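Listed below are the residues making up each chain.
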2 protein chains.
Amino acid sequence: MLNGQTLSLTSYVNPLIGSKGDGHIFIGPSCPFGMVKPGPDNSVAANSGYVADSTIPIYGFSQLHVSGTGGGPKYGNISVMPFTGKDDIYARSTWSQQKVSLGLYAVYLNKYQIHTEITTSQHSSLYKFIFNKSTNKTNEESTFKVKIDGGIFLGEKPIPNSREAQQFVGSSVQVLSDSSLQGYSRIRGGWNNGRAYTVYYYVIFDHKFSSFSTWHAEQLYNGISEQKDNSDKTGAIVKFKANDLLGDSLKMRVGISFIGELNAKSNLIEKPNLNDGVNSIFDFQKTYKSLIASWQSYLSRIEIQCVGETSKSENAATNELEIKKTDELQRVYDQKTMFYTALYHTMLMPTDRTGENPNWENTTPYYDDFYAIWDTYRCSSPLLTLIAPDREVAIVNALLQIYVHDGYLPDARSGNDNGRTQGGTNAEIVIADAFVKHLKGINYKLAMEAMLKDAEVPPGGNEEKEGRGGLTDYNSLGYVSHKFVRSGNRTIEYAYDDYCIASVAKGLKMMDVYKRYIRQANNWQNLWRNISDHGSRGFIMPRDADGKWVDSIDCGIVNGRHSKMAYNTPLSKDWPTCVCWWCGVFYEASSWEYSFSIPHDVAAIIAKSGGKQAFIKKLNTLFDNHYYNVGNEPSFLTPDLYHFVGRPDLSSSRILEIIKKNFHPTSDGLPGNDDSGAMSSWFAFHQMGLYPNAGQPYYLINSPAYALTIIHLGKSKSFIIKAKNLSEKNHFIVAATLDGVPLNKSWISHEELMNGKILELTMAAVPNSWATGTSKQDLPPSLSNISLE
Amino acid sequence: MLNGQTLSLTSYVNPLIGSKGDGHIFIGPSCPFGMVKPGPDNSVAANSGYVADSTIPIYGFSQLHVSGTGGGPKYGNISVMPFTGKDDIYARSTWSQQKVSLGLYAVYLNKYQIHTEITTSQHSSLYKFIFNKSTNKTNEESTFKVKIDGGIFLGEKPIPNSREAQQFVGSSVQVLSDSSLQGYSRIRGGWNNGRAYTVYYYVIFDHKFSSFSTWHAEQLYNGISEQKDNSDKTGAIVKFKANDLLGDSLKMRVGISFIGELNAKSNLIEKPNLNDGVNSIFDFQKTYKSLIASWQSYLSRIEIQCVGETSKSENAATNELEIKKTDELQRVYDQKTMFYTALYHTMLMPTDRTGENPNWENTTPYYDDFYAIWDTYRCSSPLLTLIAPDREVAIVNALLQIYVHDGYLPDARSGNDNGRTQGGTNAEIVIADAFVKHLKGINYKLAMEAMLKDAEVPPGGNEEKEGRGGLTDYNSLGYVSHKFVRSGNRTIEYAYDDYCIASVAKGLKMMDVYKRYIRQANNWQNLWRNISDHGSRGFIMPRDADGKWVDSIDCGIVNGRHSKMAYNTPLSKDWPTCVCWWCGVFYEASSWEYSFSIPHDVAAIIAKSGGKQAFIKKLNTLFDNHYYNVGNEPSFLTPDLYHFVGRPDLSSSRILEIIKKNFHPTSDGLPGNDDSGAMSSWFAFHQMGLYPNAGQPYYLINSPAYALTIIHLGKSKSFIIKAKNLSEKNHFIVAATLDGVPLNKSWISHEELMNGKILELTMAAVPNSWATGTSKQDLPPSLSNISLE
């Protein structure tokens, strides 16, 4: 540890960052990769259930959420709501005094005068309700109540089977004793249009309730303990006498399972931290501290020292900072907050559901909530590979078991079902990244089988769910023709997926496979059209099955006329006005963005764009004209592309500018959906001065934001990045050494990182000739491997 | 009713018919379309769980079975086993004194000296165990035991994920009181390679048990009431003191649900027959009588009077027949037994799971266990359309909801998941059959959407599960080329499916769809090869994608050499020796059989085969050389094809010969798998003297086996078939009238049947010119509609 002291890194995490605006960050407590994520819900339309507006009433705290996602919401199951007064299955209240910190959520429900606190374990959540005694006039009546609702979930729409809507299937409830109840909620649909999944619950209170009601189909039944599943919504209201609470808080623990109610019950007691039975089930501090400890263990795998931080830095971890902070301290605090919150976001999803998979035997790791790999393969997977390789191995093995049992690798998955695909079959990149970085404990022959299934067997009617849509075209024409939706980004993504298959095949000595796929890795060139726009040339454009370029798009019948739009520039955008959101040539971006997204052969796009200077101009046009979208994953690598023409200084300037403008330690401090930590891990890598090209074993070197970064690689190994003379002004790298040996290129291999000890960078206000060489050896790897000069 | 008296038709049903050999008939009690089918299991490899060999020990009575299926077994869940002596989770016993009648199964377990009786309701089974008091020496020990086992199921194989094997996922058990317990068993796989399904149970006894044990992972725990799901097998042993049984039998009721344990509990009480609470739960007689009554209601929809049967016939329904039967009585009894048992088989599957579907809201009918429609569309569906149209409407609606929620119509389905396809997408024929026969209450526009999905969207990687495999070829080449498995039968089946789509499209006035599909209905001709064999010419043969006929099949590498087999005659058979069972050109039959299977255009195959005489010769060659297989569904229509050349007498002779040789009122009395009643409904139709061409609104008229048949069509309408002068010798039709009007053709339309009252046939020992005309008007309908002479 830095200075030999333990830092309390968890105090830097601010779960509110990214919770406002488009970030869609979940704000409640969660363990690392936590299955259970309890939190407030005040909007069924919000992906995290939460809208940062205290005048919009909270209608419950549900136990499962996703973080940072777009599209149709998922989960929001098993809603609990404390309230007072008459029985009310629609209880809701405006709120105030919200306090959010890592592992802890607190809020005051104005209408009912109830203070609520929540923490959680991996599989069960813990609630503390403090009722206002004066609410109860007689002190005898049972007016302190808690509702447990199996009929609430996010994304409900009135039209059955609405696209991307979650849909109700069934639920039940059963009061088991004067302090416990169980039941389930069965839901289908959501963003992935998935099959039904069932969330079982087992709820236990630390006080006896004096009476209860259950309901189904909106009808309350006093004292009736069971409501079976009639395909209608059920729930229970349990009621407490004020005297029974004896001045205590009321505590409630909610065990959750995807398997069954007995497993939900068993999940009330978490191992190994809470293995001493019923008493500790309600130990709020113990549950909270256990969560904090597990996060501390993950967060401490990377330590940073900010500029100007010396012994003061230790204070940064304490509350003293809150009280007497100088500007300097605030900057350090903000930097650390943003970094550790980014690491935290990266480890919220996928969720570890090992032991909780209802679809096959739980004898292997199971992870769900890949939402979506299209987002997370770029930075999240490479980050875990560095700091939590055991997790990345388990995740890849889970992907392979999904292939074995469900037939295809997921590109996205939630609620135990694959779906949806956006472009490529990017689990292949995750597998290749693990393979080229030598992760052990993965059956790569099985992985190859799974990848080849993606690449060779069309998913047919399920092409929104998994596999490669338009594969019949791709494998016969060498590109996906315009008759398929998303033909542009599908083609270029499949080409990169094929490059990844080739990499693994080569390593496995499957040379026939290697030869075929390394050839197919060039398929993006089949859509490269030599047109000019804004002074640059060469863009990915749509083609029909006969090989003709598509110059106009059929928008269907509008006002009785066959409507068309021109599609002849890389800024042409056919969705969502001419065709549906998912039906355009490119998904969520323009050709200007996608035409840079060839991660395995930047040298070729440079050559095709007219060489070094033309390429720099093309990149500058992208950024200066705001064709670049920081919030969109296909552009994640783009600011780093100056490295490939020997101008890492230009990359660093762009990255600094992008971060300064878009990332802040505030609720609205994330640009666009965080996408399960994709955005946050992009930020974290760049702040350390590294950037991975997922699927390939190297990292681009950028200007770091910290004076010192220590990445603990496990087995007592660590990699240290020092930035000498770093300051706001001195942000260009002018010299570098790796373990004392001068390094005059802007990238290091994964092997160098794993074996290296110290990357020492010298920073200055003006760039020099460092890493400007453009020979094959100097430049970062490219399939074409062309010297520029 | 005949003679104005109520017949007890249920006494004719003999559930043992077809239970020995290949029939695979389930022998336990079942309601019509019964979800719960309790019965003995003494072989995990048997499709019905049962092998007719009393030296093979019974290891339990499980609650769910299928009937008559081939391929990998499904179900066999929630096994119960009474036993005595030490706790034994592997209790099993040889058996004797088996008695099987409709709704009742009884057996004596030799090892434990326990007499067991079983009856059932739609969703719960009822057991009666009579222990031998002398077994218990002390009369104090708890040695009378019942095991409830969540870990037993059919088709288990040691290799995980074995093809067609059922595989264990998880289970739990929970003893709830001194007389009740609940739990579930979660299984995946089976013949359809389906996803996991969960069978919940709730068991209640009429006596208190004195103690119990539960187990998981083969380890017993005395007095431990819960075993949660750890992905291992669980169960319970409950134990009774002999004194507590007080000379009574021990009764046990097992509620089953696919939804949850509370629903399993609720299913203990069936409505409306057993709605008076716990007391009647154990009323064995009431449960049995309720089952009998529901079967009587279905069986009585067809009444038959055998030759020679007058007032004696009434006795046939009673036990008197058992005591003093003459030859004549025996013949009548056998005829009725075979007929009503056939009707019974037809209504064992699909199973009515309305209210028990865990995958979407239970607001519409839900049927499962289509195993497979490929088998049942030919006769079972048309039979239900006549005698239980409400059921057929519900079944079609269930198919449509499966399309809506799972994306494709099933060709087969069990355990709530589609799979597998064998050839065509034959739900289309079921839909067309309903449409052309004017069944009301079906959304045919939705049905058209579902059919077009089959016909236009390839199922890709899921082509064994649903949709049309090889569709890309079919829709571009006009046939499925040899690179796809089962290319021969797929092509001709798709052509008939397309004919059915065209029929519905025409009725819906969707003329563009009609034109396309009526053209595609000729696609079978693209595989018609003009080769000769055994004096006949023209057969369906495989072709490659370039249009070349395939003359040899690649069998892969054998002993290091690339092995090939010639494939140049319609008797060539590539499976299972050269390629796998499912990988041949034709599924389960030869080209000799399939080349007659063009149900919509027999006139065209007659023409292509060389005309009337050549066709008769070709048919004779098929039958005389035993190329015809009575047990195989693609040949179901073939014996009737002589009708299409004006020789119904030859059809009738063949049919009589086939039935005489293959159908018997004995345990081994069915030729081949009954296939969910497919074989039995083929028999039943032909015995009545009618045969449907499913998907088309007419019936071929054959020699009936009964002097009189009354088909109750509902709404007080009935259709009567009289066979004047019928005797064993007089089996040719020589004259016919329909409602008194002479009928000189060998078929009647569905409309004629529905509006008609009496079809009177005059029988004689020698055929005459009846229905021998070969003009377009005389012959049964064909797409080509060619006059023969």
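Residues numbered from 1 in each chain as written. Chains lettered and ligands numbered in written order. Predicted model: local features only at pLDDT ≥ 70, side-chain atom pairs only at ≥ 80, totals over all residues. Heavy atoms only, no water.

Naming follows an unreviewed UniProt entry, where chain A appears as Glycoside hydrolase family 92 protein of Arachidicoccus soli. Quoted verbatim from the Subunit (unreviewed entry) field of UniProt, the annotation for chain A is "Monomer." Recorded under Cofactor (unreviewed entry), the UniProt text for chain A is reproduced unchanged: "Ca(2+)". (UniProt positions renumbered as here; feature names shortened; annotations may be inferred.)

As a further point, take the nonpolar core. Residue and element names in this part refer to chain B. Counting 228 residues, the largest nonpolar core has Phe205 and Trp682 as its most contacted members. Three or more residues apiece are contributed to this core by two domains, here domain 1 (1-15 + 301-346 + 632-789) and domain 2 (31-292). For Trp682, the residues in contact, after removing those within four places along its chain, are Cys379, Tyr628, Phe636, Pro639, Ile658, Ile659, Phe663 and Tyr691. (Core = buried A, V, L, I, M, F, W, Y, C linked by side-chain atoms within 4.5 Å. Buried < 20%, exposed > 50% of the residue type's maximum accessible area, 1.4 Å probe, protein only. Domains from an automatic or database assignment. Contact = heavy atoms within 4.5 Å.)

Okay, the interface of chain A and chain B next. Residue-level contacts link 43 residues of chain A with 43 residues of chain B. With both chains or domains summed, chain A and chain B bury close to 3400 Å², and 40% of this area falls on carbon and sulfur atoms. Here chain A is connected to chain B by four salt bridges. One salt bridge connects Glu226(A) with Lys265(B), and the closest N-O pair in it is separated by 3.0 Å. At the level of secondary structure, the elements contributing two or more residues to the side of chain A that touches chain B comprise strand S9 (166-175), strand S10 (180-189), strand S11 (194-205), strand S14 (226-227), helix H2 (261-266) and helix H10 (389-406) of chain A. Here the residues of the side of chain A that touches chain B are counted per class, giving 15 nonpolar, 15 polar and 13 charged. (Buried area = accessible area lost by both parts, 1.4 Å probe. Salt bridge = Lys/Arg side-chain N within 4 Å of Asp/Glu carboxyl O. Helix = DSSP H or I, 4+ residues; strand = E, 2+ residues; numbered from the N terminus. Nonpolar A, V, L, I, M, F, W, Y, C, P; charged D, E, K, R; others polar.)

Further remarks concern the sheet that holds strand S29 (residues 717-724) of chain A. All names here are of chain A. Taking strand neighbours across the sheet as the criterion, the six strands line up as S17-S28-S29-S33-S30-S31 in an open arrangement whose pairing is mixed. Single-partner strands in this sheet number two, and they are strand S17 (302-305) and strand S31 (741-742). Contacting S17 and strand S28 (708-714), helix H9 (residues 380-387) crosses the sheet at an angle of about 75° to S28. (Pairing = 2+ DSSP bridges. Axes fitted to C-alpha atoms, helices over the stretch in contact; angles between N-to-C directions.)

Turning our attention to the pairing of strand S6 (residues 114-120) of chain A. All names here are of chain A. Burial analysis of S6 places six of its seven residues in the buried class, which makes it a mostly covered element. Across five bridges, the pairing between strand S5 (residues 104-109) and S6 is antiparallel. By the bridge assignment for S6, Ala106 is matched with Glu117. Taken together, S5 and the strand that follows it, S6, pair antiparallel across an intervening segment of four residues, in which Gln113 is found at a positive phi of about 55°.

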